[in-house]
Amino acid sequence: MSGLKLGILRLGRVAGKSKYALLDERDISIVQQHAIEPRVEVDKNGNGARIYAIAHDIGKSRGNGRYLHEFLWERHKGGIAPGWKVVHKNNVTVDNRLDNLELVKDDCTVLQQQDESSGAHSKNRENSLYWITVTQLLGDPLEMNYHHFNKWYDFNGDVVDPAGESYIYYECHYPPCTRMERELREFSICGRCQEVRYCGTSCQERDWPSHKRFCRERRRHTRESTPDR
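First, a word on what this report is: a plain description of the structure on this page. This is a predicted model, so every value here is computed, not measured.

Bringing the nonpolar core into the picture now. Residues Ile30, Ile36, Ile51, Leu68 and Tyr130 are the most contacted members of the largest nonpolar core, which totals 26 residues. Put simply, the parts of the chain that give this core at least two residues each are strand S1 (6–14), strand S2 (17–24), strand S3 (34–42), strand S4 (49–57), helix H1 (68–76) and helix H3 (129–135). Ignoring any residue separated from it by four or fewer positions in sequence, one finds leucine 68 in contact with Ile30, Ile36, Ala53, Ile54, Ala55 and Asn96. Within the second largest apolar cluster, 11 residues are counted, among which are Cys172, Phe187, Cys190 and Tyr198.

Written out as structure tokens, the structure reads:
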């Protein structure tokens, strides 16, 4: 990472945790005219969901937002011709460094899948630039001040009620991990606070030093009987 200059944007909370976008330092200036927010995209073919960074002009509606990776590609490389799309080489959809973006033919409608069962893949993930960078942000004070994750987003990026019937997918709560559920409620939930979910025991154990500072045992609400008077 010597000599490498990066920019980190805090996107906000989505899918149960704070999300960050990684980009080249030269592109940080876009925040002067654009708001950058997270958006969950659910694959219509049932292959799970992904989180993307969306950029929209400050002062305009969120409906005019664009994918940050497409915005940056056009900014530095030019327009995107019909039948082509910009993808993330390392499969981390919030790592929007230009070196991580690639223009490919849009002939596949299925989301790329991460084979997390592979030990080699896990090793590559942990050695990735995104993993290393976000690890440095563990213990985010904003996470500590707002330990209840009550905001949930649907595939349009709109806040929804988790008790409703909207599709709500969780991302592994360990900050560097970008793995998302392929099926609803696939990940295991913290048995103590009943608020955060993890893709496996490895990420849960690594997140515990940070999570334990605000993990509180969930109280069971019981209806007390009122004696007759």
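Having seen the model, we can carry on.
The residue lysine 212 is located in the segment after helix H5 (201–211) in this model. Lysine 212 sits 19 residues away from cysteine 193 along the chain, and the two C-alpha atoms are 9.8 Å apart.

Our focus in this paragraph is the pairing of S2. For S2, a buried count of eight out of eight residues is recorded, marking the element as mostly surrounded by other parts of the structure. In this sheet, S2 lies alongside S1 in antiparallel orientation, the contact comprising eight bridges. Residue pairing in the sheet places valine 14 in a bridge with lysine 17 of S2. Counted along the chain from S1 to the antiparallel partner S2, the turn is two residues long, and its residue alanine 15 has a positive phi close to 55 degrees.

Attention now goes to the pattern of salt bridges. Within this structure, the stated rule accounts for eight salt bridges. Between glutamate 171 and lysine 17 there is a salt bridge; the shortest N-O distance is 3.4 Å. In this pair, glutamate 171 is assigned in the loop between strand S9 (159–160) and strand S10 (188–189) and lysine 17 in strand S2, connecting sequence segments 154 residues apart. Here the two residues glutamate 171 and lysine 17 agree in accessibility, since each one is buried. Among the ionic pairs, glutamate 186 bridges to arginine 179, the shortest N-O distance being 3.7 Å. Here glutamate 186 falls in the partly exposed class, since its relative accessible area comes to 35%. For arginine 179, a relative accessible area of 17% gives the class buried.

What counts, and at which threshold
- Residues numbered from 1 in each chain as written.
- Predicted model: local features only at pLDDT ≥ 70, side-chain atom pairs only at ≥ 80, totals over all residues.
- Heavy atoms only, no water.
- Core = buried A, V, L, I, M, F, W, Y, C linked by side-chain atoms within 4.5 Å.
- Buried < 20%, exposed > 50% of the residue type's maximum accessible area, 1.4 Å probe, protein only.
- Helix = DSSP H or I, 4+ residues; strand = E, 2+ residues; numbered from the N terminus.
- Contact = heavy atoms within 4.5 Å.
- Pairing = 2+ DSSP bridges.
- Salt bridge = Lys/Arg side-chain N within 4 Å of Asp/Glu carboxyl O.

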